[in-house]
Amino acid sequence: MKREPYYITTPIYYPSGNWHIGHCYTTVICDALARFHRMLGEDVFFLTGTDEHGQKVEKEAKERGVTPLQFIDPLVDELKSMWSLLDVSYSRFIRTTDEDHIACVQKIYQKLYESGDIYKSEYSGYYCTPCESMWTEAQLKDGKCPDCGREVTLQKEESYFFRLSKYAPRILKLYEDNPEFLQPKSRVNEMVNNFLKAGLQDLCVSRTTVKWGVQLPFDKNHYSYVWIDALSNYLSALGYLSSDDSLFKKYWPANLHMVGKEIVRFHAVIWPAILMALGLEPPKQVYGHGWLLIGGDKLSKSKQDAIKYELTDPYELVKRYGSDAVRYFLLREIPFGSDGEYTNERLLLRINADLANDLGNLVSRTCAMIGQSFSGTLPACGKSEEVDLALEEAANGLFEKVKGAMDRLNAPDALGEIFSVVSKANKYIDETAPWLLAKDESKRDRLATVLYHLAEVCRICAVMLKPFLTKASCLILRSFSCDENEGFEHVSFGALKAGAKVEKLPPIFPRIDVKKELAEVEKLVKERKAKEKKQATPAKQAPAQAEAKGEISIDDFAKIELKVGTVIACEKVAKSEKLLHETVKIGDETRSVVSGIAKYYTPEEMVGKNVVLVTNLKPVKLCGVLSEGMILCAEDENGVLSLLTPEKEMGSGANIR
Ligand code: ME8
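Residues numbered from 1 in each chain as written. Predicted model: local features only at pLDDT ≥ 70, side-chain atom pairs only at ≥ 80, totals over all residues. Heavy atoms only, no water.

Caption draft 1: Structural detail: the overall build of the protein chain. What the protein chain contains, in helices and strands, is 21 helices and 26 strands. For the protein chain, the spread of C-alpha atoms along the three principal axes comes to 100 × 70 × 45 Å. Across the protein chain, every contact between residues at least 6 apart in sequence was considered, and the portion connecting residues at least 24 apart equals 74%. When the accessible area of the protein chain is evaluated, it comes to approximately 30600 Å², of which 51% is carbon and sulfur surface. (Helix = DSSP H or I, 4+ residues; strand = E, 2+ residues; numbered from the N terminus. Contact = heavy atoms within 4.5 Å. Areas by Shrake-Rupley, 256 points an atom, 1.4 Å probe, with all protein chains shown as cover.)

Structure (structure tokens):
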């Protein structure tokens, strides 16, 4: 039987680092949907990745004296490890620096150029020579460069443009003919009133000054500029325009692009226009979800400082409460399509009320009672009474209700349905009082029936929870000797066989002392902030001057301070496969240094080594660890690194000239 294809995407993330729980929202929702559709037996392709080109990355890398890829790679590693911590089951992680993506983007540009949808014109803007950056009038600060505060000059730059204006009427028609295309409905009004009604402007899609992008095949002086490159990932990941486009044929048009509301315009206006120009169908749906807020504002990287004592770091949250609890909060707490407030207290209250009390108690009581009264073997179900039938009915109706909610993409409602059955089962325990039945030998059959009902409800709820709570659901299924890999084949009451082994479970969600935990979190956040303040880089320095290429003078060379240092301690950087964190003694001073040599040296090998360092580089944070210098290495043609050390024994702190 042919399995229905289901193609779901998240936006591709900017490799900005400093990840917060808001970043996890889009991807965790998509993961729950992808898992749900897999369990329905569909053939799911779930795409996520990183959006790596552009001026910002080019500049930041330059300021740090590294290549854009050297700057980005550790951040991409971090993001991937965050998804693995949160059990995100993507089919492909695409990077816009992947070769197949670049080749596809070049073919898309070529096609649009040949069809006349891309044409050459002029872009005018304000140019800052030292920063090599072009700004719009609105971006200027008091008429000066917003980055370095220096004078800018009005310049015209030759650019290519995409004929977006041509497509406005067709996009309006797309909305009219397909009410499902853009959801929730309010976003349609935003797009129509704020953009489409007034007509669209053609879009600048190339630059000559920003070179960290995809080179245009028909004009080598030009590089892709933002959205065509980024949006095309949804096609390039499927092999569109490549020698093997079988995935594209199978999965396009996408079922769902899930995006945050701030990027709906790009996905619901620019993207369908590009697809129309390519002669392709638009995606079936774009959903613009709301934001996680803190104190009423969007939780974002730049707002981190304003956050008082809220812990927003996904690594720390997962470490403290487990991935299921973090996933559960994101999927349950925020009314779908709207914004929702994030606080540690709300997270802890959810964990205690729903996971520890309701679900945890139901499962542990059921397993414990089967253990005590039937030596851990599931008894056969006797004749059902009215109270049992009501519970059976609730359990039997659950799949359809959850499916209905998930068809509307509404994970909070889906979880609400599951937890309503969990609550009913807890109430059933109170009503049937199995602890009393256990004391009366004549009620043994009744006890068996009650415990069978509870076990079945635990099993059905665990199956339904699999897309959401990836770990706890499997633990529950295993404790009832069920196959944790099953889909939704057996979600009606009565599938559990009497005689199955039932194992006692330790508490899957231990109850948290909220007051104590909040105090600990506050202390942790305060300590982190104090540490960050101490490590903060000096006031933003003027960006590196655009130096003449080629030869440098002896004065230029003298600007680089090189010294010998001794590594006195070394460890792996937790969030990266490539980085080591060394503590280096340089004369009387001790510095924290991060270097990308984990593939070639173990931390043990590094300790005691005399190394050569650049000591006057601007400090940076790599994977969250401060680096106050760069250890020098030789690199062969295969990229293998070898440390530079003085040929004779030299004391630490010796100058290099
Ligand atoms: O926009 N609450 O990438 P990005 C909810 N590269 N979601 C949030 C959030 C918050 N506080 N903060 C961020 C980009 N997000 C582009 C996309 S696609 C072709 C290019 C979500 O790293 C945000 O809404 O800024 C978006 O869905 C995702 O994180 C990535 O955002």
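Caption draft 2: Representation of the pairing of strand β13 (residues 286-289). In β13, alternate side chains face the same way, and those of V286 and G288 on one face and Y287 and H289 on the other are all buried. Here strand β7 (residues 182-183) pairs with β13 via two bridges, running parallel. Bridging across to β13, L182 finds its partner in V286. Here strand β12 (residues 256-260) runs beside β13; their pairing, made up of four bridges, is parallel. The partner of M258 across the bridge, within β13, is Y287. (Buried < 20%, exposed > 50% of the residue type's maximum accessible area, 1.4 Å probe, protein only. Pairing = 2+ DSSP bridges.)

Caption draft 3: Up close: the sheet that holds strand β4 (residues 118-128). On the basis of which strands lie adjacent, the open sheet formed by four strands has the order β5-β4-β6-β8 and antiparallel pairing. Either end of the sheet is taken by a strand with one partner, and the two such strands are β5 (133-135) and β8 (203-204).

Caption draft 4: Region of interest: the packing of helix α3 (residues 68-85) against helix α11 (residues 314-321). Between α3 and α11, the shortest axis-to-axis distance is 10 Å and the interhelical angle comes to 25°. Comparing their axes, α11 and α3 come out roughly parallel. Crossing angle aside, the handedness with which α3 passes α11 is left-handed. Contacts between α3 and α11 involve E78, L79, S81, M82 and L85 on the former and, on the latter, P314, Y315 and V318. Of the residues belonging to the contact of α3 with α11, the class tally is six nonpolar, one polar and one charged. (Axes fitted to C-alpha atoms, helices over the stretch in contact; angles between N-to-C directions. Parallel < 35°, antiparallel > 145°, perpendicular 65-115°, else oblique. Left-handed = near helix turned anticlockwise from the far one by under 90°. Nonpolar A, V, L, I, M, F, W, Y, C, P; charged D, E, K, R; others polar.)

Caption draft 5: Region of the structure containing the sheet that holds strand β1 (residues 5-13). Across the sheet, six strands lie side by side as β3-β2-β1-β12-β13-β7; this open sheet has parallel pairing. A strand with exactly one partner marks an edge of an open sheet, and here the two such strands are β3 (92-95) and β7. Relative to the sheet, helix α10 (residues 264-278) contacts β7, β12 and β13, its axis offset from that of β12 by approximately 140°.

Caption draft 6: Summary view of the side chain of H23. With respect to the helices, strands and loops of the structure, H23 is situated in helix α1 (residues 21-39). Other than its neighbours up to four places away in sequence, H23 contacts Y13, S16, N18, M82 and W83.

Caption draft 7: Representation of the packing of α11 against helix α19 (residues 514-535) in the model. The contact between α11 and α19 brings their axes to 13 Å, and the two run at 150°. Between α11 and α19, the interaxial angle falls into the category roughly antiparallel. Where α11 crosses over α19, the two elements pack in a sense that is right-handed. On α19, the residues that touch E316, R320 and Y321 of α11 are E517, E520, V521, L524 and R528. Its residues placed into classes, the contact of α11 with α19 shows three nonpolar, no polar and five charged.

Caption draft 8: Geometry of the packing of aromatic side chains. Applying the stated criterion across every chain yields a total of 22 aromatic pairs. Ring geometry for F36 against F488: centres 5.0 Å apart, planes inclined by 50°, an arrangement best described as tilted. Taken together, the positions of F36 in helix α1 and F488 in the loop between α18 (472-479) and α19 put the pair 452 residues apart, joining distant regions of the chain. Here F36 and F488 have matching classes, each one buried. (Phe/Tyr/Trp six-rings, centres within 6.5 Å; stacked < 30°, edge-to-face > 60°.)

Caption draft 9: Highlighting the site of the ligand. Residues in close proximity to the ligand total 24 residues, the closest being I12, D51, E262, L292 and L299. Between the ligand and I12 there is a distance of 2.7 Å, counted from a nitrogen atom to a backbone nitrogen or oxygen. The backbone of L299 places a nitrogen or oxygen atom 2.8 Å from a nitrogen atom of the ligand. Across the complex, the protein chains shield 95% of the 670 Å² of accessible surface that the ligand would expose by itself. It is α1 that provides the largest number of residues to the shell around the ligand, a total of four residues. Taken together, the residues of the shell around the ligand sort by class into 13 nonpolar, eight polar and three charged. (Near = heavy atom within 4 Å. Polar contact = N/O pair within 3.5 Å; in protein donor to acceptor, adjacent residues only side chain to side chain.)

Caption draft 10: Seen up close, the environment of Y287. Tracing the backbone through its elements, the reader meets Y287 in strand β13. With relative accessibility at 6%, the residue Y287 sits in the buried group.

Caption draft 11: Structural detail: the environment of G116. Secondary-structure assignment places G116 in the loop between α4 (99-114) and β4. Take G116: its relative accessible area is 27%, and that puts it in the partly exposed class. With 161 residues separating them along the chain, G116 and A277 place their C-alpha atoms 9.4 Å apart.

Caption draft 12: Representation of a nonpolar patch on the surface. There is a patch of nonpolar side chains on the surface, built from I554, F557 and I560 and spanning about 290 Å² of accessible area. Its place among the elements puts I560 in the loop between α20 (554-558) and β17 (562-572). (Patch = residues over 30% accessible without salt bridge, like charges linked within 9 Å, V, L, I, M, F, W, Y side chains within 5 Å. Salt bridge = Lys/Arg side-chain N within 4 Å of Asp/Glu carboxyl O.)

Caption draft 13: Representation of the pairing of strand β19 (residues 589-595) in the model. When you tally the buried positions in β19, you get five out of seven residues, the bulk of the element. Relative to β19, strand β18 (residues 580-586) runs antiparallel, the two being bridged by seven bridges. Bridge assignment links I586 to a residue of β19, and that residue is E589. Adjacent in sequence and paired antiparallel, β18 and β19 are bridged by two residues, among which G587 carries a positive phi angle near 65°.

As far as function goes, none of this settles anything; it's purely spatial.
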